[in-house]
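Here is what each chain is made of, one letter per residue.
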Amino acid sequence: MALPNSDAVERALLDTLDSGREELMEFVSAAVRIPSVTGEEGALGKMVADWLAGNGIESYSRTATTGLKERLGGFEAEDDLELRPNVFAWVRGEAGGQAPLVISTHQDVVSPGDHGAWARDPWSGDREGGRIFGRGATDMKGSIGAALFALRAVHEAGVVPPRDVEVQCVFAEESGGLGTLSALETEPLPAAAVVLEPSECAAAAACSGCLHFTVTVEGRSAHAATPWMGVSALEKMIAAYGALEKLAERRRGAQDHPLFSSFPDAAPFSIGVARAGEWRSTVAERAVMIGRLGIMPGESLAHGRAEIVDALHSLTAEDEWLHGHPPVVSWDNAGFASWDTDPGSEIVETVTGAAEAVLGPRPLGAVTYGSDAGHFAQRGVPVVIFGPGRITDAHAPDESVSEDDVLAVAKALALTIVRYAPGPGA
């Protein structure tokens, strides 16, 4: 039926989701039990595709091409593309042929790391105390479930939304977003995108992006009994780290964006991996550190890269060894662009209003993590982040998501689908 934008239609959608609550939570639990670490998304993609087919929802899968990977650069580690398809699902709207509303989710999760750090099996999918536990529960299998069940509620009600809606369930978000970059090549450019990430069920209209980089420092090996005959790469890496920390401190002092006022650092710098040398009795010949630098809205990825290179280059004027053996920086992927969306835009107001209809007043905020939202924003697509869970639970031992939050997001997405109706020129 065509949408008569009435309370009765919206109430029916919310009631449908309430009645399907248990099925939704079991879906999320089952999804968590599939260990879809980046590079191994195929089984989860099949689960999503099979569920869509079983529920009679228009859907298809498409793989990224090696040609796209090579053209973009920075994705050399992405292999087995034919086994890791994007999965797309549609509900068609009244405004056929116009740009769709996209709801974006991702299949991949990060490694659980040391299983001993977890109180339970990282892939358990246990349900206890109103929460679902396991790697990916909040980032982002709770969101996948919310998006799919919202789409099904609209489909089964026979409601025709104002415009086409596409749910994208992509691969390789955690490693830089090749899945979404591929979707931007194969799918219609959206009118707007809701990117599902942990946001505590509040809309976020700004995001600091990030660069992932590796710095390699060369030294000269020598026996540890005569260290003066060598040059410690560890010592030189510490100097390089200090230069980057000074850069980060300067950048923190220059931050000025109203939506980030509650953050002590809107575009964080961190080193997640550092290693040097190969043997205890040898002066370290090589050292490597791998990290990320946040990028503020309005700042380009290219500018952030230049800042890192310049900071490391400054060492070469101060250190004779580094003058002849400068640190080498490489970029681990294409990076996530920063972005902000006008708080008065149709998509921000629609998502905020839908969340408030379900949960009451919600503050409009910002996030400090990179996501596929940056790829949409770089293409000029108005974007908002919204999803269940807390970012502090993601990528951490004992990750979990609230079942109430998953259901609330499913309801808010269903309302967003039937309410989002900008004009043809959007």
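Owing to the predicted nature of the structure, the values given are computational and were not obtained by experimental measurement.

Engineer: With reference to specific residues and values, describe the overall build of the chain.
Structural biologist: A count of helices and strands for the chain gives 12 helices and 16 strands. Since a compact globule built from 426 residues should have a radius of gyration of about 22 Å, the 23 Å found for the chain is in line with a globular shape. For the chain, the spread of C-alpha atoms along the three principal axes comes to 80 × 45 × 40 Å. Residue pairs at least 24 apart in sequence account for 83% of intrachain contacts in the chain once pairs closer than 6 positions are excluded. For the chain, the accessible surface area stands at approximately 17,300 Å², while carbon and sulfur atoms represent 52% of it. Averaging the positions of the 32 positive and the 60 negative side-chain charges in the chain gives two centres separated by 2 Å.

Engineer: How would you summarise the layout of surface pockets if you had to cite specific residues and measurements?
Structural biologist: Roughly 830 Å³ of internal volume is contained in the largest pocket. For the largest pocket, the lining is made up of 27 residues, of which V110, E174, H212, R292 and H395 are closest to its centre. Each residue belonging to the lining of the largest pocket can be placed in one class, and the counts come to 11 nonpolar, 10 polar and 6 charged. In this structure, the second largest pocket occupies an estimated 290 Å³ of space. A per-element tally of the lining of the second largest pocket places strand β14 (residues 365-367) first, with 3 residues. Looking at the lining of the second largest pocket, its residues break down into 11 nonpolar, 5 polar and 2 charged.

Engineer: Tell me what's going on with the pattern of salt bridges, and back it up with residues and numbers.
Structural biologist: The full count for this structure, using the stated rule, is 30 salt bridges. The partner of E403 in a salt bridge is R21, with the nearest N and O atoms 3.9 Å apart. Residue E403 is located in helix α12 (residues 403-419), and its partner R21 is located in helix α2 (residues 21-32); the two are separated by 382 residues in the primary sequence. Residue classification places E403 among the buried positions, given a relative accessible area of 7%. Its relative accessible area of 27% is what places R21 among the partly exposed residues. With a closest N to O distance of 2.9 Å, R286 and E218 form a salt bridge. Of the two residues, R286 is situated in strand β11 (residues 286-295) and E218 in strand β9 (residues 209-218); the sequence distance between them amounts to 68 residues. Residue classification places R286 among the partly exposed positions, given a relative accessible area of 48%. Taken together, the shared-partner salt bridges connect R21, E22, E26, R127, E403 and D404 into one network.

Engineer: Any details on helix α1 (residues 7-19)? Residues and values, ideally.
Structural biologist: Relative to the 18 Å expected for 13 residues at 1.5 Å per residue, α1 spans 18 Å between its end C-alpha atoms, a close match to the ideal helical length. Of all the residues in α1, the buried ones are V9, E10, L13, L14 and L17. For α1, the arc enclosing every buried residue in end-on projection is 135 degrees, short of the 170-degree limit, so these residues lie on one face. In α1, the exposed residues that point more than 90 degrees away from the buried face are D7, A8 and S19. Next to the buried residues of α1 lie α2, α5 (137-157) and α12.

Engineer: So, the packing of aromatic side chains: which residues are in play, and what are the values?
Structural biologist: Taken as a whole, this structure holds 6 aromatic pairs when the rule is applied. Judged by centre distance (5.8 Å) and plane angle (65 degrees), the ring pair of F27 and F149 falls under edge-to-face. With F27 in helix α2 and F149 in helix α5, the pair connects residues that are 122 residues apart, well separated along the chain. This pair shows no difference in class: F27 is buried, exactly as F149 is.

Engineer: I'd like a description of the sheet that holds β11, backed by residues and values.
Structural biologist: Reading across the sheet, the 4 strands line up as β10-β11-β9-β12 and stay open at both edges, with antiparallel pairing between neighbours. With one partner strand each, in any of the chains shown, β10 (269-276) and β12 (328-331) form the two edges of the open sheet. On average, adjacent strands in this sheet sit at an angle of 20 degrees to one another, irrespective of strand direction. In terms of strand pairing, β9 meets β12 through 4 bridges, oriented antiparallel. Across the sheet, the residue bridging to F213 is W331, located in β12. On top of the sheet, helix α7 (residues 233-253) reaches β9, β10 and β11; it is set at about 10 degrees to β11, its chief contact. Taken strand by strand, helix α8 (residues 301-313) contacts β9, β11 and β12, and its axis lies near 25 degrees from that of β9.

Engineer: Please provide a residue-by-residue account of the side chain of D265, values included.
Structural biologist: Relative to the assigned elements, D265 resides in the loop between α7 and β10. D265 sits in the buried class, given a relative accessible area of 15%. In this structure the side chain of D265 is engaged in a polar contact, spanning 3.2 Å, whose partner is the backbone nitrogen of A267. Not counting residues within four places of it along the chain, the set of residues in contact with D265 comprises R252, Q255 and T368.

Engineer: Would you mind going over the pairing of strand β7 (residues 192-195) in detail, with residue names and values included?
Structural biologist: Neither face of β7 is exposed, since A192 and V194 on one face and A193 and V195 on the opposite face are all buried. Two elements, β7 and strand β15 (residues 383-385), share 3 bridges in a ladder whose sense is parallel. Looking at β15, one finds that V194 is bridged to V384.

Engineer: Now, about the side chain of K141: what can you tell me, with residues and values included?
Structural biologist: Among the structural elements, K141 can be located in helix α5. One buried charged side chain, K141, makes no salt bridge at all; its nearest oppositely charged neighbour is E399, positioned 8.8 Å away. Engagement of the side chain of K141 in a polar contact is seen with the backbone oxygen of A31, the distance being 2.9 Å. Once residues lying within four places of it in the same chain are set aside, the contact partners of K141 are V28, A31, V32, I34, S36, L44, Q107, V109 and G136.

The rules behind the values
- Residues numbered from 1 in each chain as written.
- Predicted model: local features only at pLDDT ≥ 70, side-chain atom pairs only at ≥ 80, totals over all residues.
- Heavy atoms only, no water.
- Helix = DSSP H or I, 4+ residues; strand = E, 2+ residues; numbered from the N terminus.
- Rg over C-alpha atoms; globule rule 2.2 N^0.38 Å.
- Contact = heavy atoms within 4.5 Å.
- Areas by Shrake-Rupley, 256 points an atom, 1.4 Å probe, with all protein chains shown as cover.
- Lys, Arg positive; Asp, Glu negative; His and termini not counted.
- Charge placed at Lys NZ, Arg CZ, Asp CG, Glu CD.
- 1 Å grid on protein atoms, 1.4 Å probe; cavity = no way out; pocket = protein on both sides within 12 Å on 5 of 7 lines; lining within 4 Å.
- Points joined across faces, edges and corners; volume = space filled by probe spheres on them.
- Nonpolar A, V, L, I, M, F, W, Y, C, P; charged D, E, K, R; others polar.
- Salt bridge = Lys/Arg side-chain N within 4 Å of Asp/Glu carboxyl O.
- Buried < 20%, exposed > 50% of the residue type's maximum accessible area, 1.4 Å probe, protein only.
- Expected span 1.5 Å × (residues − 1).
- Arc of directions from axis to C-beta.
- Phe/Tyr/Trp six-rings, centres within 6.5 Å; stacked < 30°, edge-to-face > 60°.
- Pairing = 2+ DSSP bridges.
- Axes fitted to C-alpha atoms, helices over the stretch in contact; angles between N-to-C directions.
- Polar contact = N/O pair within 3.5 Å; in protein donor to acceptor, adjacent residues only side chain to side chain.

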